[in-house]
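A look at the structure
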Amino acid sequence: MTYRMKKWQKLSTITLLMAGVITFNDSEFRSVDKHQIAVADTNVQTLDYEKLRNTWLDVNYGYDKYDEKNDAMKKKFDATEKEAEKLLKEMKTESGRTYLWDSAKDLDNKSADMTRTYRNIEKIAEAMKHPKTTLKNDENKKKMKDALEWLHENAYGKEPDKKVKELSENFTKTTGKNTNLNWWDYEIGTPKSLTNTLILLNDQFSNEEKKKYTAPIKTFAPKSDKILSSVGQPEQAKGGNLVDISKVKLLESIIEEDKDMTKNSIDSFNKVFTYVQDSATDKERNGFYKDGSYIDHKDVPYTGAYGVVLLEGISQMMPMIKQTPFNDSNQNDTTLKSWIDDGFMPLIYKGEMMDLSRGRAISRENETSHSASATVMKSLLRLSDAMDDSTKAKYKKIVKTSVESDSSYKQTDYLNSYSDIDKMKSLIEDSTISTNGLTQQLKIYNDMDRVTYHNKDLDFAFGLRMTSKNVARYESINNENLKGWHTGAGMSYLYNSDVKHYRDNFWATADMKRLAGTTTLENEILKDTDDKKSSKTFVGGTKADDQHASIGMDFENQDKTLTAKKSYFILNDKIVFLGTGIKSTD
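Everything numeric here is computed off the predicted structure, so don't read it as measured data.

When helices and strands are counted, the chain shows 16 helices and 19 strands. Principal axes of the C-alpha set define a box for the chain whose edges measure 85 × 75 × 60 Å. Counting over 586 residues, the chain shows a buried share of 52%. Considering only intrachain contacts with a sequence separation of at least 6, the fraction spanning at least 24 residues in the chain is 65%. When the accessible surface of the chain is summed, it comes to about 27,400 Å², and 46% of that surface belongs to carbon and sulfur atoms. Distance from the positive charge centre (90 side chains) to the negative charge centre (92 side chains) of the chain: 1 Å.

Shown next, in the form of structure tokens:
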């Protein structure tokens, strides 16, 4: 055999056990029995970290795309500058301070305050990075350096080993538990803002300072594919959490220019592109299924919330990862395209992400069905540049159609970066990219007990939300969605030209005991319990084509005092609801 070395390749020594002739640059070794021979180490890869940093900044900020004549960009710049200026003015700087802002005072016992503080620092860094900013002066630079040093000494970097012990003990408590200490803040929330800040202000800190500030991440989140390490219960991260934790570790590796950490982070990120197995139980059920379903928190359909976070994270990371030798682009692209086609698209109608897929996020005033859909479209527009030509054209058409189909949609809504605004402006102005009409489709998500139907001719969409032994009625944690009791009891949704219906204070004003399509008792005592699933397994449906389907739900209410057989028949322009065997023991 012949092996010709290249000058740039690193040499390593291996032992060969063989016989034959090996030619190295025209010199032969004959009758080899056992020799130590220098060969090229093809695993050695050169990473351009400066390029990776710039790509991250281009995707998430796009400072070089800024055009002050663009009203949307000018509006974003002014808002960012104004908020940063206010935060700088209100920042505590006295020597005896115990916090930096009045809105986040308890850094030791309320982890959300710590994350909020680092997020404020990140907002200032975003503003100061802009070439047109008026805030990048010596005084503010010193404020930022002092603030990060103070936070390292008094918050995130303050005895991390001791903090992990405290968090672990608190996590296992059954009484007297501090519910304001959340693993997410130590592993994702705070380090995400910290690493982003250090990339934004890369030239403001020495390598030693940057490594010092990222050091606590290795204690709270040592692995790029594990969560709950900070509470002593490390487990495999799934879905959106896996994207987030691998993103944190990837940014950490870029800051420290650590090739092994970069590779491990990307390897972990690549694990996202797998499907949940049929035999999965408990937390292994989190993630995407072959039928397009997306489950999180073991039994909650969450495409429109955690799934959106996952997709946005992928859109942030994929452009960077494709510039490294560690990506698995072909397989990942195929899986991702399937998720988009089967998972996300059937849940979106005229710029609205159906609430039946958003879990407890329906109770958040600042996260609407519209903002969730807009984030999906922003992510698709980003991803289109990293895809093959046919997929790129397809995604751009989808985004343009979604934007123009909703009269309440402003093309710059929810666009976080100047590069996003620039991409959207170019898309809308590109006359070569047409729009689609409403697509006729009928999707049955049997793995998350959801059905969506889009009728092209009559221009409406229908959604159905059910519950079973595998899928919770609703989720209510962190004091959110406290009245979601019946949303999984067969609630039906109708979408038409009134696109604002479900985001115009619907959930704040609806009678949560009499939701459309549900079966409830007049005087049912509603209580919050940990087990929000039904005991029934006969739930789901099948379709003949994209106009006809049969769906059934063996229903029982939460305290099992009410049962019914509920059937639904989709017959093109008609949807028939049929209830039989309705019985109550109450």
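Still to come is the rest of the account.
Another aspect to go through is a nonpolar patch on the surface. Where nonpolar side chains cluster on the molecular surface, the patch consists of Phe569, Leu571, Val576 and Leu578 and spans about 300 Å² of accessible area. Where the nonpolar patch is concerned, the elements lending two or more residues are β18 (562–571) and β19 (574–584). For leucine 571, the position within the fold is in strand β18.

Spanning 16 residues, helix α13 (residues 369–384) covers 23 Å between terminal C-alpha atoms, matching the ideal 22 Å at 1.5 Å per step. Taking burial as the measure, the 16 residues of α13 include 16 buried ones, the bulk of the element.

Our focus in this paragraph is the side chain of serine 534. With respect to the element layout, serine 534 can be found in the loop between α16 (506–509) and β16 (539–543). The class for serine 534 is buried, based on a relative accessible area of 6%. Look past the residues within four positions of serine 534 in its chain and what remains in contact with it is Thr467, Ser468, Lys469, Arg473 and Glu556.

Moving on: the nonpolar core. With 127 residues, the main nonpolar core has Ile124, Ile314, Leu336, Met345, Val376 and Leu380 as its most contacted residues. With 19 residues, the next largest nonpolar core counts Leu521, Met553, Phe555 and Ile570 among its residues.

Here we come to the pairing of strand β17 (residues 548–556). Burial analysis of β17 places seven of its nine residues in the buried class, the great majority of the element. As paired strands, β16 and β17 are joined by five bridges and run antiparallel to one another. The residue bridging glycine 540 from the neighbouring strand is glycine 552, located in β17. Connecting β16 to the next strand, β17, in antiparallel fashion are four residues. Of the pairings in the sheet, the one linking β17 to β18 comprises nine bridges and is antiparallel in character. Paired with aspartate 554 across the two strands is lysine 565, which belongs to β18.

Conventions we followed
Residues numbered from 1 in each chain as written. Predicted model: local features only at pLDDT ≥ 70, side-chain atom pairs only at ≥ 80, totals over all residues. Heavy atoms only, no water. Helix = DSSP H or I, 4+ residues; strand = E, 2+ residues; numbered from the N terminus. Buried < 20%, exposed > 50% of the residue type's maximum accessible area, 1.4 Å probe, protein only. Contact = heavy atoms within 4.5 Å. Areas by Shrake-Rupley, 256 points an atom, 1.4 Å probe, with all protein chains shown as cover. Lys, Arg positive; Asp, Glu negative; His and termini not counted. Charge placed at Lys NZ, Arg CZ, Asp CG, Glu CD. Patch = residues over 30% accessible without salt bridge, like charges linked within 9 Å, V, L, I, M, F, W, Y side chains within 5 Å. Salt bridge = Lys/Arg side-chain N within 4 Å of Asp/Glu carboxyl O. Expected span 1.5 Å × (residues − 1). Core = buried A, V, L, I, M, F, W, Y, C linked by side-chain atoms within 4.5 Å. Pairing = 2+ DSSP bridges.

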